[in-house]
Structure formats: structure tokens, C-alpha cells
Amino acid sequence: MALLSKQSRASDGARQREESSKLLPAGSAIVQPSTTESSEAAVPRSVVPEESTKTLPGSQPAQSHADFAEVQADFTRTTFDDQGSPLSTSAEGNVRLRYRDITVSCDKAVVDWKAQRSECEGHVVFRIENQEVKGGKLQLNLRTREWHAEALSTTITPETAKGFLKESLFAESKSVQGIGTRQLSLFDAQATTCSLPTPHYELVSRSVTVYAGDKVVLRDVTMYALGRRLLALPRLTIPLREIQRNPNIIPQIGQTQEEGFFLKTSYSYLATRTMSGLLLFDLMSRKGFGKGLQNGWRYGTASGSLFLYHVFDRTIDQNTITGRFAHSQTFGATRISLSSDFRSNSYLYAPKSTSLVNQLSVSRDHGSAATSLLVSHNIDDAFVRTSRFTATLSHKQLIGDGTLDTSIDYTAYTYDRTRARLTSQAAFEGKEKRFDWGLSVQRLTDLSDEAFIGQGVFGGIEKLHELALVTDGTRLGTGLPLSLKLTYGQYSELPSPISLGRAYFEATTPVQKYALSNTWSLSTEIGFRQYVYTDSTAQYSVAASADISKRLGPTSSLDFVYRRQQASGFAPFRFDYVPRYNMANLSINYQDSKTLRFNILAGYNFEQPDNPWQDLTLRVSVQPSPSLLLYTATGYDLNRSQWRTLVNQLRVRAGSAGVEDDETCPFRLDIGTRYDTASRRLATARAVLDARIRRLWRIQANAGYNGFTKSFDYKSIVLTRDLHCWEASIAYVDQGGFYRSRGITFTIRIKAFPLFQNFGVGSFGQTLDTSVGDVY
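Small disclaimer: the values here were computed from a predicted structure and weren't measured.

Observations regarding the pairing of strand E23 (residues 334-344)
Two strands pair when backbone bridges link them, and strand E22 (residues 318-331) and E23 are joined in this way by 11 bridges, in the antiparallel orientation. If you follow Thr-322 over to E23, its bridge partner there is Arg-343. Between the end of E22 and the start of E23, which pair antiparallel, lie two residues, with Gly-332 showing a positive phi angle near 65 degrees. Note that E23 and strand E24 (residues 354-366) share 11 bridges and pair antiparallel.

Quick word on the pattern of salt bridges
The final tally for this structure, using the stated rule, is 27 salt bridges. The partner of Arg-651 in a salt bridge is Asp-670, and the shortest N-O contact between them spans 3.6 Å. Placement of the pair is Arg-651 in strand E42 (residues 646-654) and Asp-670 in strand E43 (residues 667-676), with a sequence separation of 19 residues. Judged by relative accessible area, Arg-651 falls into the partly exposed class, the value being 24%.

Brief notes about a negative patch on the surface
Residues Asp-107, Asp-112, Glu-119 and Glu-121 make up a contiguous surface patch of negative charge. The set of elements that each furnish at least two residues to the negative patch consists of strand E7 (102-112) and strand E8 (117-128). Along the chain, Glu-121 turns up in strand E8.

Observations regarding the state of the cysteines
Inspection of every chain in the model, using the stated rule, returns zero disulfides. Its sulfur unpaired, Cys-106 is 4.1 Å from the next cysteine sulfur, which belongs to Cys-120. For Cys-106, a relative accessible area of 5% corresponds to the buried category. This cysteine, Cys-725, is not joined by any disulfide, and Cys-194 carries the nearest cysteine sulfur, 3.8 Å off.

Things to note about the side chain of Thr-745
Within the secondary structure layout, Thr-745 lies in strand E48 (residues 741-750). The buried category is assigned to Thr-745, whose relative accessible area is 17%.

Considering the nonpolar core
Judged by nonpolar contacts, the single largest core of 49 residues is most densely connected at Val-104 and Phe-126. The element best represented in this core is E7, accounting for five residues. When residues no more than four places from it in sequence are discounted, the contact partners of Phe-126 are Ile-102, Thr-103, Val-104, Gln-131, Glu-132, Val-133, Leu-138, Leu-140 and Trp-147.

Focus: the environment of Ser-771
Mapped onto the elements of the fold, Ser-771 is located in the segment after E48. In the structure, Ser-771 is positioned 101 residues away from Asp-670 in sequence and 9.6 Å away in space, judged by C-alpha atoms. At 2.7 Å, the side chain of Ser-771 and the side chain of Asp-769 are in polar contact.

Calculation notes
Residues numbered from 1 in each chain as written. Predicted model: local features only at pLDDT ≥ 70, side-chain atom pairs only at ≥ 80, totals over all residues. Heavy atoms only, no water. Pairing = 2+ DSSP bridges. Helix = DSSP H or I, 4+ residues; strand = E, 2+ residues; numbered from the N terminus. Salt bridge = Lys/Arg side-chain N within 4 Å of Asp/Glu carboxyl O. Buried < 20%, exposed > 50% of the residue type's maximum accessible area, 1.4 Å probe, protein only. Patch = residues over 30% accessible without salt bridge, like charges linked within 9 Å, V, L, I, M, F, W, Y side chains within 5 Å. Areas by Shrake-Rupley, 256 points an atom, 1.4 Å probe, with all protein chains shown as cover. Lys, Arg positive; Asp, Glu negative; His and termini not counted. Charge placed at Lys NZ, Arg CZ, Asp CG, Glu CD. Disulfide = S-S within 2.5 Å. Core = buried A, V, L, I, M, F, W, Y, C linked by side-chain atoms within 4.5 Å. Contact = heavy atoms within 4.5 Å. Polar contact = N/O pair within 3.5 Å; in protein donor to acceptor, adjacent residues only side chain to side chain.

This is the structure we're talking about:
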């Protein structure tokens, strides 16, 4: 066995050159490939291994995985030049080549160390990360990670596709080539995601190119199903990254109340490494013929997308136009992003309306400085025309041990007139041994139409200057558990004409914990605040809290908490208002058993003599078995002797390890209800069902009932049939929003390719679950 690295021992080089003409039985050669183009440094130097580095055939030295290429075989032969540098290694019999994340096994292999290339043949199995290729011959460039194989079969795993492929893709081809795992191309290929010996379907294509985490492109492709030819296309693109923006790669058929009967599909007219393009076609019996364009690009540090869609809506006799544009690019330390969104008469947004949103973002992060600019312009024309324009320029700079933070923010809103405001602020924070200090300024300039006649409309706080000092007892050397803050500044509270100087002092103690016994503990906190104003007014406040806790178990406790804050004096500014409170709370929190958990909370407010009692709140969770969970929460008004809203949650799981095992559970049922005790009616009820019927069928359903309107806000049901590598679904949806969406949809898809599922998503994009709030 011989180990080869960049170092050299001249005395051993001659012996190795002498042995280079021999076949070394059960040998191993380990070489560190160079990453430079220099002819002198491109060839590694050889060393004689020490005893501790020797390995048996078939094993892998620990240092070879990341930094060395290793060749193991029944017989190896390595040749050297006059300086003792390796030129090539030939291997025969049970050959195994390892380099970083690449592993190759074959019958014969030749490695050219100078060119950093390897040629393998005979029962070749090439693996890179989770990707595997089997074939007769393989050529591999160790430096660029480019490879080419005369392949028999190839397996593309979900890991190779960066998680955007849900099941493995199996392919047979005449040849295959790739660049690491970033790109994979197969030629004269037959591909399928069906794992059966005789697959249910096949895609026969002149070429198949997989761009990891982006898309799969098939050229001159013909689809066969159950041995029958279905269709032929010059190009088929399957997006992996943004499949949710176009779920109609496979035609979608259905009927809705708004669109009528429809057929939606798309055609790939452009597919390269950096660009992709789709033409969209929608036939709708009520709306008409919709057509669109969807483009995407990604090259270097730039990426973007363009979407255009048009339909002459026969139901409103108007053109419906939707457009989106987005582009972002990085230039050194600067990143620029630009986006635009236009909608006109879109029934999915708001009929008989127009909206336009434009946004520009520029950011630069360079060492000790960061600068950003964000500009946004929104125009809405529905019942009335409104416009909103905002622009923010900010800069942050490290100066020595301090930080300078500045920003300028402009906001303008136009309806019947323009209301605009400019906010400028700058702050510097520094650190000293004994304290931190800061100096800040904030100026508000009202640019509204009313401001020019002395009637400003914007509110806010101006700091014409503010000096702040922050420290604690440790930094001052007193050792006292005390945090201190002192500020002075000139403030204005707009739109009022008040402008005063203000001094503020704060002294607080951090939470102090004391162990009273093995199970009893005490926590305390005290704070003092003083405000002094230049109009000879002042106020101060004192706050204190104490928490006495009794440990009832590993995760259970009884807690008594008392909190009080009192203020005295007068504050001319609203932002200095100090609330008064004097209250005590008692809680029992029991969490030691999975079968029964509960929390009880009550309180008394001494500042409200008319209604001093806080609600008695009860939350109970009962789990009699791993597959059943019941949660109940309610409150009782002790002042009025009335029950509050009753909230219930039911979770049922069957055939699962427990109620938390949602992914693999064949039966899931969640129900949430809210009962209004005042009106004595069921206010809200929501349910979600996901169940497998035998082995091949699955049913999903959800519903939301509104007890005040006595009607369902939404209800839907999906029935899915597993067809091994395919999946067929029929769905009924009925939900409200800007428009009433009611209809039936039929979908058939290949399971391996991700598809955006809109089941469980409301018309506003919200998740339709069983949450009905809680009781506090």
C-alpha cells in the first residue's frame, strides 16, 4: 500500500520509482489532488507512510475523505517522475475510488494525477452524495467535478433534487453527464418514478436535464402509460422550486360557481439552464378564455420572474389583467431588488378595481457600515382612488467602540388631499468602562396640505436632542444589584404645541430569587422612576413585585404573585403616562401527568373597588389514551357571577403512536368549538378530518360553522385514490370571501413531483384549522 501527498522525501522517492514498474497486490494509493493550474504544483509529492497510517484493502483512512483521493484494488501500479511525484495509478480488480463526496467502484481504473482525471470501466457504480449512476464506462475530472458515463441506469433521489422531488426518479439512458450534483443530463433516456419492474408509465426523451432545486427539462418527450402512447411534446418543463405558482403542469379539470366548467393547462416554450418559460391556457365556460405567460431566470447573482395573465371576463364584460415582475441582483456588497404587482378587475382580488404596487430595495453591507434604501408606491382604485408613497434611507456605521445609526423616512398618503410626513433621526451609542452613553435626535416635518395653514395632522414625538447614560452596580464598582438610566432632552409631542425639556431617572433591581426551603421560593423586583420637566412639573413612580412559589412536582407549582405600581405628580406628555395597579394573583399549574393537566388562575385588583375580582380562569387537558386528547378552557366572572366563553378542542388519532404523530397517522380528527354562554349558543365550530380508507383511498375534509349567521363559512372535501406512482383526486369546495367559491375539481398527478395543495387554505390565504381562540 502507498500513500501519496504533496510532501516529498527524496530518499524514499527512488525506492518508490523502483517499485513503480511492479503490480502491488492488495494495494492502495492515496493522493492529494492539487487545485492550482501550475505545472509544478499540479502533481502531488510522495511520502512513505508511517506505520499508524496503514490501512487494509477496502478500508478508508480517516484523513483521505476530505483532502485525498484514494484508490483501492486487488492490484495497483503507480508511476512517478524523476522528482518522485506521482504521474498515474492503474488499478484492477474490485477497484474503489474515493474523493470527498465521490465514490466509484468498477473493474478497472486509471487515474492521471497530472491532469486530475480518472477513467473507469467495467460494472461502474458512481455515487456522489445521494445520487447513483450505474454504467459501463466513466470519465471523472477530480478538479471540476465534471463527469460523463456510458450509463445503464441512474437514480435521482429527493436529496439530489434538494428536497423538491418527493420520490426517487429512475432512468435508463445511453449516456449521462453532470457537474457535481448541481446539474445532471441524460441522453436517449427513459425515465419514470414508478418503482415496479414494469412501470405504469414512462417518459421517453431525447434528453433529460435536472437542475437541482430548480426544474426538470425533457426535450422531444413522449409519454407512455400502461404500454400505450399518450402524447408527444417537443419540450416539457417541470418546475421544482415554484410549483405552487403554476399547479397546472398536468391539466386540471373542474367546475366552480365563479368560473363554470374549466380546463387549465400550460406549455413549456423555453427551458435552459438560466431561463424557463411557460404559456398558460385556461378555458372557463363562464369567464372565457384566459391566457398567460410565466417566465423565470436565474444566472450568477441575479434571479427574477415575470407573470402576465389576461382574460376578457364575460360575467362583468371587462378585461381582467394581472401582472407581476420581480428581479434581484447582487453587485459585490450591494444587492438590488425590484418588484411590481398589477391587478385590474381581478375577481380573485376585488372585481371592478385596479391596484398597482411598486417596490425598490437597495442594500449594501460592507464591513463596518450598512446602508439601505426602500421605496414603495401603492395605488388602489376601487370605490375611491388612494395612493401611498413611502421611502426610507438608513445607514449604520461602526465608529471605534461606538455605533452611528441614521435614517430618513418619508410617508405620503393621498385621497382627497395629500398627507405627508418626513421623519429624520440620528443616534450615536458609545461604550465606556463605567457606563454606556447615547446621543439621539429625531425631527418630524409635517408636509401635509393642512400643515401649510398651521393645522398638522400627524402625531409623533420629536427629540430635538436626548443624552442618555446607562450603567449598573457592577460597572460602578458598588456590587449592588442595581440597573441605572439617566436621560435629558428636549421633546415635542405632536400635534400638540407642547415642547419641554425633560429629565428622566430610572433605578431598577433585577429579579432576585431566594430559596426559602426545598419546595418554597421567593422572587422580588423593585423599580423607581423620576420625571422632571422644565415647566416646573414632575412625577415619580414606584413599582414592586413579589412571587412566592411552591413546587408541587417536577413541572407543577402553586404561585402567589403580588404587583403594585403607584405614581404621584403630573406629566405633561401622554407618552409618560404611568398606569396605577395594585393586584394579587394566585395560580395552580399542574403538568406532571400526561393523563390530566390543568391550570387555575384568579386575581384581585385593589385599585378597582367596584369590580375588584379578576376572572377565575380554568384550563384542563385530558388525555386518557395516546390517541385521544380533550382540552377545555373557560372563565368565571366573580364580580357578576357569570360564566365566560367555553372553548373546547378535541384531537383524535388512530393507528398512531400518539396525538403528536401527525405525518404517519392514518386517521386524524380535530374539532374546535366556542360556546357563547351569554347568548347560550354555539358561536363557532371547526373541524378537520384526514383519514385513510383501507390502503389506497384517502379522504380529507374541513368545515367552519358560524353560529351567529347560522351557516357554514366554508366546507370542503377531497377524495384521493392512490394509483401507486400516480394520484387522482376529486374535490368539492364551498367557501366565501371576496367572492363565493363553490365547485368541483378533478386532479391527477405524478406523486413524485411536488404540487401545491390548496386544500385547507381560505380565499384570503389563511390556514383553515380548528383554532377558535383561548380564554385568558
